[in-house]
Amino acid sequence: QVQLVESGGGLVQAGGSLRLSCAASGRTFSTYAMGWFRQAPGKDREFVATISWSGGRTRYADSVKGRFTISRDNAKNTVCLQMNSLKPEDTAVYYCAASIQFPLYSEHEYNYWGQGTQVTVSS
């Protein structure tokens, strides 16, 4: 089992940057592919990015490609999401999630979830 805790959210102006982190418990972190999702008010939770077990492969939603970068450090049991050139439409609660398979784009296919961290981008 994996427990996930996100941090790093906050309020930022459009064009700014934030770095989200997700700390995982357990000694099996490297056996999980990791993903980031987000949910804006009144909308469904949507896929943002995912990274393979070793970190060698990544996938991104078209809406964040070129602006966001997912990375992981298996020695520290962490996965990060570097978000640059933020837009107001990036405002959402961001969640990290763990899955055995890669790549997965549906929230229903992820096994473990964090509690989320709020990102608000002002115009």
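Now for a quick tour of the structure. For clarity, every value in this text was computed on a predicted model and none was experimentally measured.

### Quick look at the sheet that holds strand 7 (residues 68–73)
Taking strand neighbours across the sheet as the criterion, the four strands line up as 1-3-8-7 in an open arrangement whose pairing is antiparallel. Edge positions in the open sheet fall to strand 1 (4–7) and strand 7, since each of these has one partner strand only. Along the sheet, successive strands turn relative to each other by an average axial angle of 15°, direction set aside. When strand 3 (residues 18–24) meets strand 8 (residues 78–83), the two strands line up antiparallel, connected through six bridges. Note that in strand 8 the partner of Ser-21 across the bridge is Cys-80.

### Remarks on the packing of aromatic side chains
Under the definition given, this model contains eight aromatic pairs. With 5.8 Å between their ring centres and 75° between their planes, Phe-37 and Phe-47 make a pair best called edge-to-face. Linking Phe-37 in strand 4 (residues 33–39) with Phe-47 in strand 5 (residues 46–51), this pair joins segments that are 10 residues apart in sequence. Judged on exposure class, the residue Phe-37 and its partner Phe-47 are both buried. Ring geometry for Phe-47 against Tyr-105: centres 4.9 Å apart, planes inclined by 85°, an arrangement best described as edge-to-face. Linking Phe-47 in strand 5 with Tyr-105 in the loop between strand 9 (92–99) and strand 10 (112–113), this pair joins segments that are 58 residues apart in sequence. Connected via pairs of aromatic rings, a cluster forms that spans Phe-37, Phe-47, Tyr-95, Tyr-105, Tyr-110 and Trp-113. Cation over ring: Arg-45 sits above Tyr-95, and NZ or CZ is 4.6 Å from the ring centre. The side chain of Arg-45 reaches across the aromatic face of Trp-113, ending 4.0 Å from its centre.

Reading the values: rules and limits
- Residues numbered from 1 in each chain as written.
- Predicted model: local features only at pLDDT ≥ 70, side-chain atom pairs only at ≥ 80, totals over all residues.
- Heavy atoms only, no water.
- Pairing = 2+ DSSP bridges.
- Helix = DSSP H or I, 4+ residues; strand = E, 2+ residues; numbered from the N terminus.
- Axes fitted to C-alpha atoms, helices over the stretch in contact; angles between N-to-C directions.
- Phe/Tyr/Trp six-rings, centres within 6.5 Å; stacked < 30°, edge-to-face > 60°.
- Buried < 20%, exposed > 50% of the residue type's maximum accessible area, 1.4 Å probe, protein only.
- Lys NZ or Arg CZ within 6 Å of the ring centre and 35° of its normal.

Remember, this is a structural readout, not a statement about activity or role.
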